[in-house]
Amino acid sequence: MTVITKQLSLNTRGEGDMLDVTRNVAEAVGESNLKNGIVTVFVPGSTGALTTIEFEPGLLMDLPDILERVAPKSLAYEHEKRWHDGNGHSHVRAALIGPSITVPFVNGRLTLGTWQQIVFMELDVRRRSRNLVLQIIGE
Amino acid sequence: MTVITKQLSLNTRGEGDMLDVTRNVAEAVGESNLKNGIVTVFVPGSTGALTTIEFEPGLLMDLPDILERVAPKSLAYEHEKRWHDGNGHSHVRAALIGPSITVPFVNGRLTLGTWQQIVFMELDVRRRSRNLVLQIIGE
Amino acid sequence: MTVITKQLSLNTRGEGDMLDVTRNVAEAVGESNLKNGIVTVFVPGSTGALTTIEFEPGLLMDLPDILERVAPKSLAYEHEKRWHDGNGHSHVRAALIGPSITVPFVNGRLTLGTWQQIVFMELDVRRRSRNLVLQIIGE
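The structure reproduced in this document is the subject of the present report. Nothing here was measured: the structure is a model prediction, and the numbers come from that model. (Residues numbered from 1 in each chain as written. Chains lettered and ligands numbered in written order. Predicted model: local features only at pLDDT ≥ 70, side-chain atom pairs only at ≥ 80, totals over all residues.)

**As for the overall build of chain A**
Put simply, the rule reads: A helix here means a DSSP run of H or I that spans at least four residues, while a strand means a run of E at least two residues long, and both kinds are numbered starting from the N terminus. Every radius of gyration here is taken over C-alpha atoms, with the globule rule written as 2.2 Å times N^0.38, N being the number of residues. Exposure classes come from backbone-placed C-beta atoms, where a residue is buried if 20 or more other C-beta atoms lie within 10 Å of its own, exposed if 12 or fewer do, and partly exposed in between. Once C-beta atoms have been placed from the backbone, residue pairs whose C-beta atoms lie within 7 Å are recorded as contacts.
When its secondary structure is counted, chain A shows four helices and eight strands. Counting from the amino terminus, helix and strand elements in chain A follow one another as β-β-α-β-β-α-α-α-β-β-β-β. Against the 2.2 N^0.38 benchmark of 14 Å for 139 residues, chain A shows a C-alpha radius of gyration of 16 Å, consistent with a compact globule. Among the 139 residues that make up chain A, the fraction classed as buried is 55%. If you take every contact in chain A between residues at least 6 apart in sequence, the share linking residues at least 24 apart comes to 82%.

**Observations concerning the sheet that holds strand E4 (residues 48–53) of chain B**
All names here are of chain B. Basically, it comes down to this: When DSSP finds two or more bridges between a pair of strands, those strands are recorded as paired. As a rule, the C-alpha atoms of each element are fitted with a line to give its axis, helices using only the stretch in contact, and angles between N-to-C directions run from 0 to 180 degrees.
Taken in spatial order, the three strands make up an open sheet running E2-E7-E4, and their pairing is antiparallel. Two strands lie at the open edges of the sheet, namely strand E2 (18–20) and E4, each paired on one side alone. Taking each pair of neighbouring strands and ignoring which way they run, the sheet shows an average axis angle of 30°. Where E2 lies against strand E7 (residues 117–122), three bridges are found, and the strand directions are antiparallel. Along E7, the bridge assignment pairs methionine 18 with methionine 121.

**Some details on the nonpolar core**
What counts here: Buried Ala, Val, Leu, Ile, Met, Phe, Trp, Tyr and Cys residues whose C-beta atoms connect them within 7 Å together make up a nonpolar core.
Formed by 123 residues in total, the largest nonpolar core has its most connected members in Val39(A), Val41(A), Val39(B), Val41(B), Val39(C) and Val41(C). Apart from the residues lying within four places of it in its own chain, the contact partners of Val41(B) are Val21(B), Val25(B), Leu50(B), Ser100(B), Ile101(B), Ile118(B), Leu132(B) and Leu134(B).

**Looking at the interface of chain B and chain A**
In plain terms, the rule: Residue polarity is assigned by list, with Asp, Glu, Lys and Arg as charged and Ala, Val, Leu, Ile, Met, Phe, Trp, Tyr, Cys and Pro as nonpolar; anything else, Gly included, falls into the polar class.
Facing the 29 residues of chain B at the interface are 32 residues of chain A. Put simply, the parts of the chain that give the side of chain B that touches chain A at least two residues each are strand E1 (2–11), strand E3 (37–42), helix H3 (78–83), helix H4 (88–97), strand E5 (100–106) and strand E8 (129–138) of chain B. Looking at the side of chain B that touches chain A residue by residue, the class counts come to 14 nonpolar, twelve polar and three charged.

**Considering the relation of the copies chain B and chain A**
Filter applied, for reference: The atoms used to superpose the copies are C-alpha atoms, taken from residues with pLDDT of at least 70 in both, and the fit is least squares.
After a rotation of 120° and a shift along the axis of 0.0 Å, chain B superposes on chain A with an RMSD of 0.0 Å. Here the copies are linked by what is in effect a three-fold axis. A share of only 17% of the interface residues of chain B reappears at the interface of chain A, consistent with the copies meeting through non-equivalent patches.

**Some details on helix H2 (residues 57–70) of chain A**
To keep things clear, this is the line we draw: Helices are assigned an expected span. That span is 1.5 Å times one less than the residue count. Directions drawn from the helix axis to the C-beta atoms are what define this arc.
Taking 1.5 Å as the rise per residue, H2(A) with 14 residues should run 20 Å; its terminal C-alpha atoms sit 21 Å apart, in good agreement. Of all the positions in H2(A), only Leu59(A), Asp62(A), Leu63(A), Ile66(A), Leu67(A) and Val70(A) are classed as buried. The buried residues of H2(A) occupy one face: seen down the axis, they fall within an arc of 135°. Where H2(A) is buried, its residues meet strand E4 (48–53) and helix H4 (88–97) of chain A, helix H2 (57–70), H3 and H4 of chain B together with helix H2 (57–70) of chain C.

**Here's the deal with the relation of the copies chain C and chain A**
Relative to chain A, chain C is turned by 120° and slid 0.0 Å along the rotation axis, the superposed coordinates differing by an RMSD of 0.0 Å. Interface overlap between copies: only 16% of the residues of chain C at the interface are likewise at the interface in chain A, consistent with a contact formed by different surfaces.

**Section: the sheet that holds strand E1 (residues 2–11) of chain A**
Residues and elements named next belong to chain A. In spatial order, the strands read E1-E8-E3-E5-E6; together these five strands make up an open sheet with antiparallel pairing. Looking at the sheet topology across the chains shown, the edges are occupied by E1 and strand E6 (109–110). Pairing between strand E3 (residues 37–42) and strand E5 (residues 100–106): six bridges, direction antiparallel. When the sheet's bridge partners are listed, glycine 37 is paired in E5 with phenylalanine 105. Lying over the sheet, helix H1 (residues 22–32) contacts E1, E3, E5, E6 and strand E8 (129–138), oriented at roughly 40° with respect to E8.

Just geometry here; none of it tells us what the structure is for.
Written as structure tokens, this is what we have:
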């Protein structure tokens, strides 16, 4: 059993951007030479989130649309009253989806479904550079 | 420290079906003979989800009802415009709840509360066969 | 590689209370003397939740407000019809956010962002004593 840490640097295009990081995570697991274990993908920062989804153009619009239903930008956020950075909704959305995802791998391969990809969601209101942490634990 | 992989096959009854998999996960941990660690339960596929809930008949209606509030079937999903499989809302709901749950175990027992069960939620619009991955890491 | 289990006892002030447990988790990781790994923070119980957020007073109001939008107290929950404990919305909200969070640590430090804290959310309708499980796995 061992732990291997990788970083994944991303440049996002701003709010609602969704990046398919599946290949990056799969390659990191492959390079680790570990056969069986889990990989935790984590975003340091409170306005991004990780989940899985079928990465196709329709859902890349649908998921942000639903987040706008859940936590609309137009509400009067208390965060905004204090900090005036226009991203109260971003923080709330990120807390709901969560900052990490843990995926098992078996025989060196992620156990994802065929139409299931690991995605990073940029929820902040501007372009950001993100450095995801990939923590791979296995044997 | 070691890793043990188990599979759990389920047949779901379609949309909104919630299956209590606590006993299955507890047995897998028991059979592993590991004393302390974590188990990650993961669904390969982008229209199912895992969480914990008190598994009683009321909440088995309430949680799907709230998901219908959050991401109603009746919306015009972009996914639907492209793929015509009627499950745009399923994908969005699954991405919100998430495809995995990680539960610690101590002295061979899951650290769940008395009224807390591990549930798989079928969010797709039809009956499905599901093969969950249980990745058990511990010593 | 080893596993170290810690408990974290909290007294919450009731519904909507959010407690910053970052320091407690960081200290537990420090005391473990492990350098690299993951820590899973888990709440036994189905009316509490864990996530990360920027722990500032505005968001401590905004996140509960959004949960009230998503799963309002005023709805007629089936859970309530059976159990009359007034917390059907609590259960649903907890299932949506989730009972655990997994955070990597590297060189003995949590990989959180500067403005990102680990929070426990009390979603039940009364004061509760909570015993979180911190499962630390690493080397």
